[in-house]
Every structure is written in structure tokens, then in C-alpha cells.
Amino acid sequence: MRTRTGIRVVTIAAFAGLLASARQPTVKRLDGSAISPEEIDRTVLRLMRAAEVTGVGISIFDHGKVGYLKAYGFRDTQKKLPLTKDSVMAGASFTKVVFAYLTMQLVDDGILDLDKPVQSYLPTPLPDYPAYRDLAADPRYTKITPRMLLSHTSGFPNFRGLNPDLKLNINFEPASRYAYSGEGILLLQLVVETITKRPLKDLMQDRVFQPLGMSRTSMISEERFENDYANGYDEWQRSLGHQQRKSANAAGSMQTTTLSDFTKFMQAVIEGKGLRKSTRELMLSPQIRISSKHQFPTLEASTSNENKAIRLSYALGWGLYSSPYGKAFFKEGHDEGFRNYTVVFDKSKDGIVIMTNSSNGEGIFKELLETLLRNTFTPIAWEGFTPHNELPPRKPLPVHTEIVLDPRLLDRLVGRYAVSPDLVLVVTRRDGHLGLRENDEPPGELFPEAELRFFSKTADDVVTFDLDSQGRVTRLVIHTGGLDIPVNRME
């Protein structure tokens with residue numbers, strides 16, 4: 001839960017004032033047609049207004065070169081600060097492909113074997129680690145390899161917090177099917193840090209960010225970015241502030257810029273920079289065919305032949321599909337207040353990077369891809385990128401009434417609540433309301449509307465507390481996005 005400001009509507013005039021005066025040459029698209037900068041501007045601004053997207057950064061690759069790049073909208077609507085090419089945004093799951101690139105460098109170096117069980121790289125059995133003790137009774141963990149973790153075939157859920165019991169488990173025989181998993185990437189992070197004896201933050205800086213000139217990218221939040229951070233905005237255009245990341249997380253903590261930095265990374269992948277040719281080809285080779293109807297929820301049982309024609313697959317860190325223009329590799333990023341997508345057609349080296357600081361961002365991806373790139377092949381339904389004009393009406397914001405509670409009633413709720421051994425929620429009393437902090441993240445504020453029910457003034461999240469028969473607090477439950485997430489109190 002992060003601090004947010006109020007709703008702010010961005011006017012057409014404000015957008016218009018952000019257009020660059022310098023003209024750029026026309027941009028060639030997949031089918032050989034061209035699109036002018038003016039048409040790109042009109043398309044992007046129209047979609048942003050219609051879908052209520054706060055800011056967008058776009059770079060378009062034309063035969064591997066940057067044919068167009070531009071930032072639109074705002075990084076801070078309250079202060080009317082424009083989004084720039086150097087604005088630092090949440091990379092979200094873009095982090096995973098950068099981590100995959102680092103991992104493949106270790107394969108190049110001969111210190112990581114993709115098919116060697118991860119257990120063989122650890123000094124003690126995996127369940128001896130507190131974060132993995134849930135796997136003690138399931139010997140299938142000994143079969144899991146780095147290849148499975150990068151191709152999302154380990155059997156793990158996306159995150160254990162989505163399980164009713166909040167425990168990590170293996171849901172199918174490893175390597176037998178695809179199911180996107182942040183948990184799998186985090187396990188590979190443990191392996192990488194173990195075999196290199198270095199923290200991921202430093203590895204990424206030394207082996208990826210610095211060599212590629214990504215000077216405004218880091219695995220954690222840094223003070224040097226404060227002059228141009230982009231706030232994230234929710235569906236109602238309420239500010240979430242900018243992300244505060246205190247520890248490196250290979251599944252999603254990267255902070256980066258749309259145009260200055262992540263574009264450089266994508267060019268490195270396009271050109272094969274930093275990897276042997278054979279290693280790059282391996283990274284972008286299909287490992288598992290995908291037959292699931294949707295990518296999320298990750299363990300959904302329903303299957304479909306809808307994407308059979310494009311041979312939808314997963315490689316090592318990247319999604320793949322085929323087209324009349326050859327193989328395309330892609331990655332999405334989805335975090336609260338930030339929505340990202342990139343795709344490149346490998347043969348022609350044409351592609352695009354789209355990064356938005358808005359939870360409404362995915363609603364404009366389909367038309368951006370089709371208009372700016374002539375890409376009609378992305379599996380939009382499987383990705384969950386429902387166009388903004390096909391979404392159901394947005395629910396109105398809930399109405400809450402704050403009440404005053406005796407401080408003693410608040411004090412009994414104060415304590416530590418564990419989602420997992422490495423994810424602890426800390427509840428504190430802050431005058432007449434509560435603070436809720438995740439590990440070392442900045443605390444959010446919760447206000448009482450009943451003795452055991454609290455709400456955020458800037459989000460639609462509600463937190464309730466459960467008591468046992470003796471009146472003791474046993475757990476809190478986070479009600480968010482249609483989910484009820486129970487978190488047990490620690491003794």
C-alpha cells in the first residue's frame with residue numbers, strides 16, 4: 001500500500017503543450033508502409049484521452065535502429081510535470097527479461113548449467129531456507145532446473161500469496177506445462193546470488209546496466225532519480241506516488257526509463273550484444289508450447305487452440321509467437337499504476353517499447369500495436385489486454401465514513417503479520433488510525449470505519465481483522481481487487 005494523492009484530470013491543452021517541435025522522419029512499419037510523427041502523436045494522444053492514461057513513453061525500432069521515441073503526458077499531474085525520456089518508471093516484469101539476459105551471461109561463462117537441478121547449486125536442501133520450507137514434503141523440488149524457471153514450467157504459482165493458505169507449492173510435474181511464475185524467478189535469483197556470491201543489485205549494475213549505458217536504471221529506488229521520477233496512477237487517475245524499492249527482486253523491482261535506458265537494453269538484445277550468438281539464439285528459442293486460454297490466472301485449467309496458428313510459446317525469459325514476418329519475442333510488465341509491453345520481430349528487427357504510468361495503460365496496447373507497427377498478431381485476449389472501449393463500466397469509488405476509535409482498540413491490532421517468511425506486514429498505530437508497512441516499504445495509512453474494519457482514503461482496499469473466541473487478534477484480511485487475502489499474526 002503506497003501513499004497516493006488525489007484525482008487529477010489531464011486536459012487536452014496540457015497534452016498538446018507536450019508535443020515536441022522538432023519533426024522526425026516517417027517511421028516504417030512491418031508491412032512496409034510508413035507512419036508520420038504527426039499521425040503517431042494524434043493516435044497516442046487520442047487513446048490517452050479516451051482511456052484516461054496519464055503518461056506514455058514509446059520507442060519504435062526500424063531494422064534495429066530507433067526510428068521514433070517520445071514521451072507523452074505527465075509524470076506528476078498535480079505539479080503538471082511532463083513525462084520525459086529520462087523519467088524513471090517501474091519496470092515491473094520487464095525486470096524478468098533483464099534478469100534472464102544476466103542469467104544467460106552466466107551460462108556463457110560456464111558457471112550456470114540450464115539443465116542442472118537448482119538444488120545442486122545450494123549448500124543445503126532447498127527446504128532448509130525459510131522461504132522454501134513449504135516444499136519439504138514434495139520431492140519434486142529436486143527436479144527443478146534453471147531452464148524450467150526461465151520458461152515458467154516449474155509448477156510454482158505466480159506468487160504464493162495468491163494461494164488460500166499463502167504457502168508455496170508445486171502444482172504440476174515440473175516441465176510438463178507452462179504457468180507464469182514470479183516465484184520461479186525468485187528461486188533463480190537465490191541460485192544466481194549463491195553461485196556468484198554477490199547481491200543481485202550489484203550484479204545487474206556491473207554486468208548489464210553499466211556496460212549498456214543504462215545510467216538511470218537500478219534494481220532499487222535511488223535518490224539520484226528523485227529529480228525525475230514518474231508517479232504511478234490507478235484506474236481513477238489517483239496518484240500512487242513513485243515506487244519505493246529497498247531490495248532487489250528479480251521478478252519485478254527494476255526502476256528504469258522508457259526511452260533513455262530500456263530502449264538501450266532492447267537494442268542490445270536485438271543486436272545480440274553481451275551474449276554469444278548461440279546463447280542469444282537459445283534464449284529466444286521455444287522451450288514450451290502454450291495452450292492455456294489466458295496467461296492469468298496462471299494455473300487456470302482451461303485450454304484453447306486460439307493461439308495454435310501463431311505457435312505461442314515461451315523461451316527463456318521471453319514469450320514467443322510466429323507471424324508472416326517471422327518470429328516475434330515479447331514481454332509485458334504489470335504493476336500497480338504501471339503497465340508495459342515490448343515486442344520485436346527478430347528477422348526484420350522491427351519492434352516497439354510501450355511504458356505507461358497508468359493502470360489503464362493496457363487498454364491502449366492493441367490499437368498502438370496495430371496503428372504504429374501494423375502488428376495484428378499479438379495474442380491480445382491471452383495477454384488480457386482488453387481494449388479500453390470494450391471494458392465494462394468502471395465501478396464507482398466506494399464511500400467510507402471515518403469513525404473515532406478508542407486508542408486501546410487500535411493498540412490491540414498493532415503487531416507483525418506474516419505473508420511468508422520473507423514478507424512481513426507491520427501494523428502500527430498512528431494517532432487515531434493505523435499504519436501498514438510491507439517489510440521496509442513506506443507505510444500506508446488505514447482509517448477506521450468499524451472496530452475491526454479499516455479503509456484507505458486513496459485506494460479501494462479494505463483491511464479487516466479477525467478475533468478468536470478469547471477476543472485476541474489472529475489475522476488481518478486484505479480485501480483488494482476482488483480478492484480476500486488472509487495474513488496470520490505472528491506470535
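Note that residues are indexed from 1 along each chain, following the sequence as it is written. Residues qualify for local features only when their pLDDT is at least 70, as the model is predicted, and side-chain atom pairs are given and counted only at 80 or more; totals for whole chains, interfaces and linings, by contrast, use all residues. The basis for the side-chain values is all heavy atoms of the structure; hydrogens and waters are excluded.

Draft legend 1. Highlighting the overall build of the protein. If you tally the helices and strands in the protein, you get 11 helices and 23 strands. For the protein, the C-alpha atoms occupy an extent of roughly 70 × 60 × 45 Å along the three principal directions. Each of the 491 residues in the protein was classed as buried or not, and the buried ones make up 55%. A sequence separation of at least 24 residues applies to 64% of the contacts in the protein between residues at least 6 apart. Here the Shrake-Rupley method, with its probe set to 1.4 Å, supplies the accessible areas, and only the displayed protein chains count as covering residues. When the accessible surface of the protein is summed, it comes to about 20,500 Å², and 51% of that surface belongs to carbon and sulfur atoms. In the protein, 62 side chains carry a positive charge and 59 a negative one; their mean positions are 4 Å apart. Where helices and strands are cited, they refer to DSSP runs of H or I of at least four residues and of E of at least two residues respectively, numbered from the N terminus. Relative accessibility decides the category of a residue: with a 1.4 Å probe and only protein chains considered, values under 20% of the type maximum give buried, values over 50% give exposed, and everything between is partly exposed. In this analysis, two residues are considered to be in contact whenever any of their non-hydrogen atoms come within 4.5 Å of each other. For the purpose of charge, His is not counted, nor are the chain termini; Lys and Arg are scored as positive and Asp and Glu as negative. By convention, the charge on Lys lies at NZ, on Arg at CZ, on Asp at CG and on Glu at CD.

Draft legend 2. Here's a closer look at a nonpolar patch on the surface. There is a patch of nonpolar side chains on the surface, built from Phe159, Leu162 and Leu483 and spanning about 270 Å² of accessible area. Residue position: phenylalanine 159 is located in the loop between helix H4 (146-150) and helix H5 (182-196). Each patch is built from residues lacking any salt bridge and having more than 30% relative accessible area; the joining distance is 9 Å for like charges and 5 Å for nonpolar side chains (Val, Leu, Ile, Met, Phe, Trp, Tyr). A carboxyl oxygen of Asp or Glu within 4 Å of a side-chain nitrogen of Lys or Arg is what we treat as a salt bridge.

Draft legend 3. Inspection of the sheet that holds strand E21 (residues 462-467) at higher detail. A pair of strands is treated as paired once DSSP finds two or more bridges between them. Pairing within the closed barrel is antiparallel, and its 8 strands lie in the order E16-E17-E18-E19-E20-E21-E22-E23. Here the strands of the sheet are splayed against their neighbours by 30° on average, with no regard to which way each runs. Here an axis means a line fitted to C-alpha atoms, over the contact stretch when the element is a helix, while the angle between two N-to-C directions is reported on a 0 to 180 degree scale.

Draft legend 4. Main features of the side chain of aspartate 261. Secondary-structure assignment places aspartate 261 in helix H7 (residues 258-271). The charged side chain of aspartate 261 is buried without a salt bridge, its nearest counter-charge being lysine 264 at 4.2 Å.

Draft legend 5. Here's a closer look at the packing of aromatic side chains. Between rings of Phe, Tyr and Trp, where Trp is taken as its six-membered ring, a pair exists when centres lie within 6.5 Å; planes separated by under 30 degrees are stacked, by over 60 edge-to-face, and by other angles tilted. The tally for this structure, following the rule as stated, stands at 21 aromatic pairs. Relative to tryptophan 382, the ring of phenylalanine 330 has its centre 6.4 Å away and its plane inclined at 85°; by these criteria the two rings are edge-to-face. With phenylalanine 330 in strand E13 (residues 328-335) and tryptophan 382 in helix H10 (residues 380-383), this pair connects stretches of sequence that are 52 residues apart. Judged by relative accessible area, which is 1%, tryptophan 382 ranks as buried.

Draft legend 6. View of the sheet that holds strand E15 (residues 350-356). Taken in spatial order, the 9 strands make up an open sheet running E5-E4-E3-E15-E14-E13-E12-E11-E10, and their pairing is antiparallel. If you trace the sheet from one side to the other, it starts and ends with strand E5 (81-82) and strand E10 (288-289), each paired once. Taken strand by strand, helix H2 (residues 37-51) contacts strand E3 (55-62) and strand E4 (65-76), and its axis lies near 35° from that of E4. Along the sheet, helix H3 (residues 94-108) makes contact with E13, strand E14 (338-345) and E15, crossing E13 at roughly 130°.

Draft legend 7. Here's a closer look at the packing of H2 against helix H9 (residues 365-372). One way to put it is that H2 packs onto H9 with a least axis distance of 10 Å and a crossing angle of 170°. Here H2 is positioned roughly antiparallel relative to H9, judged by the angle of their axes. Here Ile40, Thr43, Val44, Arg46 and Leu47 of H2 lie close against H9, whose contacting residues are Glu367, Leu368, Thr371 and Leu372. Residue classes follow a fixed rule: Ala, Val, Leu, Ile, Met, Phe, Trp, Tyr, Cys and Pro count as nonpolar, while Asp, Glu, Lys and Arg count as charged, and any other residue, Gly among them, counts as polar. Its residues assigned to classes, the contact of H2 with H9 comprises 5 nonpolar, 2 polar and 2 charged. These descriptions rest on fixed angle ranges, namely under 35 degrees for roughly parallel, over 145 for roughly antiparallel, 65 to 115 for roughly perpendicular, and the rest for oblique.

Draft legend 8. Structural detail: the pairing of E15. Most of E15 sits out of view: 7 of its 7 residues are buried. Burial along E15 is two-sided: Asp350, Ile352, Ile354 and Thr356 and Gly351, Val353 and Met355, pointing in opposite directions, are all buried. Direction of pairing for E3 relative to E15: antiparallel, over a ladder of 6 bridges. Following the sheet pairing, serine 59 is matched in E15 by valine 353. Relative to E15, E14 runs antiparallel, the two sharing 7 bridges. Paired with valine 343 across the two strands is isoleucine 352, which belongs to E15. Here E14 folds back onto E15 in antiparallel fashion, the turn holding 4 residues, of which lysine 349 has a positive phi close to 60°.

Draft legend 9. Examining the pattern of salt bridges more closely. For the structure shown, the criterion picks out 30 salt bridges. Here arginine 140 makes a salt bridge to aspartate 138, at a shortest N to O gap of 2.9 Å. The class of arginine 140 is partly exposed, set by a relative accessible area of 23%. Residues glutamate 362 and arginine 339 are paired through a salt bridge, measuring 3.8 Å at the closest nitrogen-oxygen approach. Here the residue glutamate 362 occupies a position in the loop between E15 and H9, and arginine 339 occupies one in strand E14, the gap between them amounting to 23 residues. A single salt-bridge network, built from bridges that share partners, covers Arg280, Lys327 and Asp346.

Draft legend 10. Geometry of the nonpolar core. For this analysis, a nonpolar core means a set of buried residues of the types Ala, Val, Leu, Ile, Met, Phe, Trp, Tyr and Cys, connected via side-chain atoms within 4.5 Å. Counting 68 residues, the largest nonpolar core has Val208, Phe262, Phe265 and Trp318 as the members making the most contacts within it. Counting only elements with at least two residues in this core, the list comes to strand E6 (88-90), H3, H4, H5, helix H6 (200-209), H7, E14 and E15. Of the residues forming this core, the biggest block, 9 residues, is contributed by H3. In this structure, Ala51, Leu369, Leu372 and Ile380 belong to the second largest nonpolar core, which totals 40 residues.

Draft legend 11. Fine view of the environment of glycine 213. Mapped onto the elements of the fold, glycine 213 is located in the loop between H6 and strand E7 (232-233). The exposure class of glycine 213 is partly exposed, given its relative accessible area of 32%. Between the C-alpha atoms of glycine 213 and serine 260, which are 47 residues apart in sequence, the distance is 9.1 Å. Leaving out residues up to four positions away in the same chain, glycine 213 has contacts with Asp261 and Lys264.

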